[in-house]
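One letter stands for each residue in the lines below.
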Amino acid sequence: MLFDLSNNQPIDVPEWAEQELRNEFPYFFNEKRPVVLRVSDRYKLKTYKVPTNNPDSEPILMIQAPGASSIKTSANFYDKETESEYTLMYTSVAPTVINGNYNYQGARLRIADGFTIQPHQKDLLFYIHYMCPIVDGNHSLHKSHNVRYEYEKKDIEAKSKISMAKAARELENLIYFDTDYKTILKAIDGLGMAPLHTEDETRVMLHDAIKNGSDTFKKNAFEILNSAKPVQTKSAEGETIHELVNRLLSENFIKNEDGLWYIRDRRGDGTKWLKAPFFESTQTGSEAAFALIDHLKVNEELLGKLRKL
């Protein structure tokens, strides 16, 4: 139950807050599954112990959750709808009234690893999410430096694992089976690599390079693989790729830093650069420019972006 301590009257969870909770915890409302809190890894106790039945063996790392935390169940709450702040109390037992004085039992809540909020405890979930400052991702007014609990999100972890497995399978299918060898060689060349002795070796090399490469490398690789049209080495105005790169460098639209190429950020005063590189190569100096030129010959998408600068 929730009580407004300004008048000691029970209140419902605000509608806007319940909608946010429904968006954040759909499994709690739709599937009637509990919300579980876990101690964050950095607060877990790590000790090395030697098995008593084998004292000569190597110590084993033991990871344990610390003891429970005790925290007040009353806190200030800001209602976005009414734009007002007031003090609420969460309690599982209605207060007793003696001579006009309200006495609340259970003014503190003990939270430990595995703390569970059951589907019928919507008020408790509201307290944890909007008033309890020691839970990661909470919306309480007064933040705590002792944020030691987090929501257990097995469903998100499961979806992430499946998504990663799906992406890995899609990459294997793309490189090993679905892309013709001519395009594979085109990507190899555009990424500054050299083919190996056999087609199978080359495909595996490209797959592993994409799998383990940086975000920029992956982006460049997919731009080439997804490009089906031949690239024009000259624009309609007759500017070659070599001339384009030289012009953009001289006009300070692009720059090279140890093989990492950046585009100038046109926002602000024009003196800053976009943080993410648009191309990377192992070459440096003038060789890096030639690597970019060779890459643009097979990456139509990126070439089109640079021609618009």
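That block above? That's the structure.
Residues numbered from 1 in each chain as written. Predicted model: local features only at pLDDT ≥ 70, side-chain atom pairs only at ≥ 80, totals over all residues. Heavy atoms only, no water.

A. Inspection of the overall build of the chain at higher detail. For the chain, the helix and strand inventory stands at ten helices and 16 strands. What you see for the chain is a C-alpha radius of gyration of 30 Å, clearly larger than the 19 Å of a compact globule of 309 residues, by over 25%. Dimensions of the chain, computed from the C-alpha atoms along their principal axes, are close to 95 × 65 × 35 Å. For the chain, buried positions account for 35% of its 309 residues. A sequence separation of at least 24 residues applies to 57% of the contacts in the chain between residues at least 6 apart. Of the roughly 18,800 Å² that the chain leaves accessible, carbon and sulfur atoms contribute 50%. A gap of 2 Å separates the mean positions of the 40 positive and 45 negative side-chain charges of the chain. (Helix = DSSP H or I, 4+ residues; strand = E, 2+ residues; numbered from the N terminus. Rg over C-alpha atoms; globule rule 2.2 N^0.38 Å. Buried < 20%, exposed > 50% of the residue type's maximum accessible area, 1.4 Å probe, protein only. Contact = heavy atoms within 4.5 Å. Areas by Shrake-Rupley, 256 points an atom, 1.4 Å probe, with all protein chains shown as cover. Lys, Arg positive; Asp, Glu negative; His and termini not counted. Charge placed at Lys NZ, Arg CZ, Asp CG, Glu CD.)

B. Looking closely at the nonpolar core. Core analysis: the biggest nonpolar cluster contains 35 residues, and Ile111, Phe126, Tyr127 and Ile128 have the highest contact counts within it. Put simply, the parts of the chain that give this core at least two residues each are helix H1 (15-24), helix H2 (26-30), strand E3 (35-39), strand E7 (74-79), strand E8 (84-90), strand E11 (108-111), helix H3 (122-130) and strand E13 (149-151). The dominant element in this core, judged by the number of residues it contributes, is H3, at six residues. Not counting residues within four places of it along the chain, the set of residues in contact with Ile111 comprises Leu37, Ala68, Ser69, Ile71, Ile128, Cys132 and Tyr149. (Core = buried A, V, L, I, M, F, W, Y, C linked by side-chain atoms within 4.5 Å.)

C. Molecular detail of a nonpolar patch on the surface. Taken together, the side chains of Tyr48, Leu61 and Ile63 define a hydrophobic patch exposed on the protein surface, amounting to about 340 Å² of accessible area. The topology assignment puts Ile63 in strand E5 (residues 60-64). (Patch = residues over 30% accessible without salt bridge, like charges linked within 9 Å, V, L, I, M, F, W, Y side chains within 5 Å. Salt bridge = Lys/Arg side-chain N within 4 Å of Asp/Glu carboxyl O.)

D. Up close: the pairing of E11. Burial of E11 is one-sided: the residues Leu109 and Ile111 facing one way are buried, the residues Arg108 and Arg110 facing the other way are not. Here four bridges tie strand E6 (residues 69-72) to E11, and the two strands are oriented antiparallel to one another. Along E11, the bridge assignment pairs Ile71 with Leu109. (Pairing = 2+ DSSP bridges.)

E. Structural detail: the sheet that holds E3. Spatial strand order, E12-E3-E13: three strands in an open sheet with antiparallel pairing. The outermost strands of the open sheet, each flanked by one partner alone, are strand E12 (116-117) and E13.

F. Main features of the packing of aromatic side chains. In this structure the tally under the stated criterion is twelve aromatic pairs. Both rings, one in Phe3 and one in Tyr104, keep their centres 5.6 Å apart while their planes meet at 70 degrees; by these two values the pair is edge-to-face. Separated by 101 residues along the polypeptide, Phe3 in strand E1 (residues 2-4) and Tyr104 in the loop between strand E10 (101-103) and E11 bring together distant segments of the chain. Of the two residues examined, Phe3 and Tyr104, each falls in the buried class. Ring plane angle 20 degrees and centroid distance 5.8 Å describe the contact between Tyr90 and Tyr127, whose orientation is recorded as stacked. (Phe/Tyr/Trp six-rings, centres within 6.5 Å; stacked < 30°, edge-to-face > 60°.)

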